[in-house]
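Given next are the chains, with one letter for each unit.
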Amino acid sequence: MKLSVVILNYKVQYFLELCLSSVEAAISNIDAEIIVVDNNSEDGSCQMVKNLFPDVVLIENKRNDGFSKGNNIGVERAKGEFICILNPDTVVAEDTFLKLLDFSKDKDKLGIVGCKLIDGRGNFLPESKRKIPYVIASFKKLMGNPEDYYATHIQENEISKVEILVGAFMFLKKSVYQAIEGFDEDYFMYGEDIDISYKALKHGFENYYYGDTTIIHFKGESTLRDKNYARRFYGAMQIFYKKHFKKNVLFDLFVSFGISFVYFFRKQHVKKIKNVKRYVFISNQKSEQLNKALNIEVILRKDLQHIENESEVIFDANMLSYKEIITFMDTNTLDASITFKIWPKSSKFAIGSDDAISRGEVIRLA
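Source: prediction; values computed, not measured.

The rules behind the values
Numbers given to residues run from 1 along each chain, matching the order in which its sequence is written. Local features in a predicted model are, by the rule used here, given only for residues with pLDDT of at least 70; side-chain atom pairs are given and counted only at 80 or more, and totals for whole chains, interfaces and linings are based on all residues. As a rule here, side-chain values cover all heavy atoms of the structure and leave hydrogens and water aside. Put simply, a nonpolar core is a bunch of buried Ala, Val, Leu, Ile, Met, Phe, Trp, Tyr and Cys residues held in one set by side-chain atoms that sit within 4.5 Å of each other. Throughout, exposure labels follow a simple rule: accessible area from a 1.4 Å probe, protein chains only, divided by the maximum for the residue type, with under 20% read as buried, over 50% as exposed, and the rest as partly exposed. Only DSSP runs of H or I with at least four residues qualify as helices, and only runs of E with at least two residues qualify as strands; both kinds are numbered from the N terminus onward. Working rule for contacts: check all heavy atoms of both residues, and any pair within 4.5 Å makes them a contact. Pairing of aromatic rings covers Phe, Tyr and Trp, the last counted by its six-membered ring, and requires centre-to-centre distances within 6.5 Å; plane angles under 30 degrees mean stacked, over 60 mean edge-to-face, and any other angle means tilted. Note on criteria: charge over ring means Lys NZ or Arg CZ within 6 Å of the ring centre, with the direction from the centre no more than 35 degrees off the ring normal. Between any two strands, at least two bridges found by DSSP are needed for them to pair. Clockwise travel from the first strand over the helix to the second, with the strands pointing away from the viewer, marks a crossover as right-handed.

What tends to happen in soluble globular proteins is that the nonpolar side chains get buried as a cluster. Judged by nonpolar contacts, the single largest core of 37 residues is most densely connected at Leu3, Ile7, Val23, Leu86, Phe97 and Phe169. No other element matches helix 1 (residues 13–26), which puts five residues into this core. With sequence-adjacent residues up to four places away left out, phenylalanine 97 is seen in contact with Leu3, Val5, Val23, Ala26, Ile27, Ile30, Cys84, Val92 and Phe169.

Further remarks concern the packing of aromatic side chains. Each aromatic ring pair is characterised by the separation of its centres together with the angle its planes make. Tallied over the entire structure, the rule returns 14 aromatic pairs. Measuring from ring centre to ring centre gives 4.9 Å for tyrosine 14 and phenylalanine 349, while their planes differ by 75°; the resulting arrangement is edge-to-face. Taken together, the positions of tyrosine 14 in helix 1 and phenylalanine 349 in strand 14 (residues 349–352) put the pair 335 residues apart, joining distant regions of the chain. Looking at phenylalanine 349, the relative accessible area reads 3%, which means it is buried. A centroid spacing of 5.3 Å and a plane angle of 75° characterise the contact between phenylalanine 67 and phenylalanine 183, whose relative ring orientation is edge-to-face. Of this pair, phenylalanine 67 sits in helix 3 (residues 67–77) while phenylalanine 183 sits in the loop between helix 6 (174–179) and helix 7 (192–202), and the two are 116 residues apart along the sequence. Here phenylalanine 67 and phenylalanine 183 have matching classes, each one buried. Cation over ring: lysine 107 sits above tyrosine 208, and NZ or CZ is 6.0 Å from the ring centre.

When you tally the buried positions in strand 10 (residues 278–282), you get four out of five residues, the bulk of the element. Sheet topology note: the strand 10/strand 12 (residues 311–316) ladder contains five bridges and is parallel. The residue of strand 12 that forms the bridge with arginine 278 is serine 311. Bridge analysis of strand 10 against strand 11 (residues 299–301) gives three bridges, and the strand direction is parallel. Across the sheet, the residue bridging to phenylalanine 281 is leucine 300, located in strand 11. With helix 10 (residues 288–294) bridging strand 10 and its parallel neighbour strand 11, the resulting β-α-β unit is right-handed.

Attention now moves to the pairing of strand 6 (residues 110–118). Burial analysis of strand 6 places nine of its nine residues in the buried class, the great majority of the element. In the sheet, strand 6 pairs with strand 9 (residues 206–217) via seven bridges, with the strands oriented parallel. If you follow leucine 110 over to strand 9, its bridge partner there is glutamate 206.

Laid out in structure tokens, this is it:
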């Protein structure tokens, strides 16, 4: 088998359904499998997978032991030469895996490959490509100056070697994953992607940022900014420093002070309130279900031209490919007031997320 796509799920049933729909389309011409590891969601996710995606390998954990352990369990079951660690709150293009498999053919020291990530509004996510988070760079980033933290010297659509990639999408050979001993289970959530990227470098592998394919990462689902987020994230960074850098008293004090300082004085994220004046349905036919669910007449368009400001665009994936949807969002130069939802193929809802700090919105159609 060529590829195993491993998706760790926790309480995101609707996003998982959208993700699986896009992944199924992306592996249609590849000898591949999909493995979903569920960390005791209790939200209907597992039953949805059984009902709608019977070919998916489903592993039902009886408790939530975190990101690292869950993915390690999935990879252990994987049969593919290559694996892709994928978040459930993502949407991939139909040619994403084909491109990465072709890119990987002639790389002798291939480590981890990442791609271009955009959020649910089409904004580029800078964590798609990062530098090694040395203490000073991390401290500056957490205080609002990310220049030395992100790999800003690499263009968004460029293909280049990079140091650190994001755990929402990691493509690598299973043999490499095993050689670097997978995700470190000392991390429950956050920091494990930095750790595994750095371990790959230390083992002599070369990591790559592949900006020629784009996926959506709604992000708010897997990085929810609740009151404990900062403490968990900075705690993970502390684990990373202790594991990989020379230890001394002054260094430990500096790290502890820096993490505590930023935790108490960090900038607070404020969710923006949107104003939707109209809904635009990109499809080849009207939907009475959509009109009824929104209690308003929805504007039907067959193309993506002339979208007015303060519109919410709903993409019909029964008509459009996921690549077309992603490309439009990625190249969208319209007013920032425009938001997006995706109606997955053969599903009974539309879903999206307007920012990277809160959970998405579901429009139920039945």
